[in-house]
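# Structure at a glance
These are the residues of each chain, in order.
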Amino acid sequence: TMGLMDNGQQGIFNKTIYDKSNVKIAVEYLDNAIISDPDRMDVYLGKCSALLNVYNYNDVAETLKKIISRSKINSNKWLWSNNQTLQSRGMKSDDIIINAINDYLSKMYTYFDESKNSIKQIIETGIESFPKNIIVLNNAARFYDLSGNKQKSIELLLLAYKLDQNDYIILAIIANFYESNK
């Protein structure tokens, strides 16, 4: 689609319209599945995707926080489709959680003004749970930069750099930060 986006800017964008009442029904089914089998990570992530499709950022944040909370309860022993363990599928729980957070945040940043509070909740939970993860630190730095807290942003980027001085993405972001904040 080309035209006026939801955030008021002109552009080319993928626009699929979802009937919110149908998404509500789907989320209710997903909630029942979570109650029935609270260790199925794929169901939580499906719920996040459905909520994101209707721009329900608060519930996306709450669901991601529930994943992290549940990880502590189930000792990161998650299941996937057909109740297979993540390990049997060659998947690592923390990697899936961090990549999901990264993916959902990248979509939410498109509508930063509308999703700012939800992003902040996700960032705070992510930092608390994964304080030495470069992807989480990078997302937190982006949030603080967009929020106008340049000092906090660069502190997080430098911490990420300290953790892995060979991460060329962090190096490029730090260079861009300094260049754009001259």
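Predicted model only: the values in this text are computed from it and were never measured. (Residues numbered from 1 in each chain as written. Predicted model: local features only at pLDDT ≥ 70, side-chain atom pairs only at ≥ 80, totals over all residues. Heavy atoms only, no water.)

## Overview of the packing of helix α4 (residues 93-108) against helix α6 (residues 134-146)
In helix packing, the relevant descriptors are the interaxial angle and the interaxial distance, both defined with respect to the helix axes. Running from amino to carboxyl end, α4 crosses α6 at an angle of 25°, the nearest separation of the two axes being 10 Å. In terms of orientation, α4 lies roughly parallel with respect to α6. α4 and α6 meet at a crossing whose hand is left-handed. Packed against α4, whose contacting residues are I98, N99, N102 and L105, the element α6 presents I135, V136 and N139 at the interface. Considering only residue class, the contact of α4 with α6 consists of four nonpolar, three polar and no charged. (Axes fitted to C-alpha atoms, helices over the stretch in contact; angles between N-to-C directions. Helix = DSSP H or I, 4+ residues; strand = E, 2+ residues; numbered from the N terminus. Parallel < 35°, antiparallel > 145°, perpendicular 65-115°, else oblique. Left-handed = near helix turned anticlockwise from the far one by under 90°. Contact = heavy atoms within 4.5 Å. Nonpolar A, V, L, I, M, F, W, Y, C, P; charged D, E, K, R; others polar.)

## As for helix α5 (residues 112-129)
Maximal helix bending in α5 amounts to about 40°, located at S118. Of the positions making up α5, those classed as buried are F112, S115, S118, I119, I122, I123, T125 and G126. Against α3 (57-73), α4 and α6 lie the buried residues of α5. (Bend = angle between axes of the 7 residues up to and from the residue. Buried < 20%, exposed > 50% of the residue type's maximum accessible area, 1.4 Å probe, protein only.)

## Some details on the layout of surface pockets
Taken as a whole, the second largest pocket spans an internal volume of roughly 330 Å³. Surrounding the second largest pocket, 19 residues form its lining, N138, A141, R142, L157 and I173 being those nearest its centre. Contributing elements (two or more residues each) for the lining of the second largest pocket: α6, α7 (150-163) and α8 (168-180). Looking at side-chain class alone, the lining of the second largest pocket contains ten nonpolar, six polar and three charged residues. (1 Å grid on protein atoms, 1.4 Å probe; cavity = no way out; pocket = protein on both sides within 12 Å on 5 of 7 lines; lining within 4 Å. Points joined across faces, edges and corners; volume = space filled by probe spheres on them.)

## Some points on the packing of aromatic side chains
As enumerated under the stated definition, the model contains seven aromatic pairs in all. A centroid spacing of 6.3 Å and a plane angle of 65° characterise the contact between Y55 and Y57, whose relative ring orientation is edge-to-face. Each ring, one from F177 and one from Y178, has its centre 5.8 Å from the other, and the planes form 80°; the classification is edge-to-face. Given the relative accessible area of 8%, F177 is considered buried. Every member of this aromatic cluster is reached through a ring pair, and the members are Y109, F112, F143 and Y144. Above the ring of Y144, the side-chain terminus of K152 is found at 5.8 Å from the ring centroid. (Phe/Tyr/Trp six-rings, centres within 6.5 Å; stacked < 30°, edge-to-face > 60°. Lys NZ or Arg CZ within 6 Å of the ring centre and 35° of its normal.)

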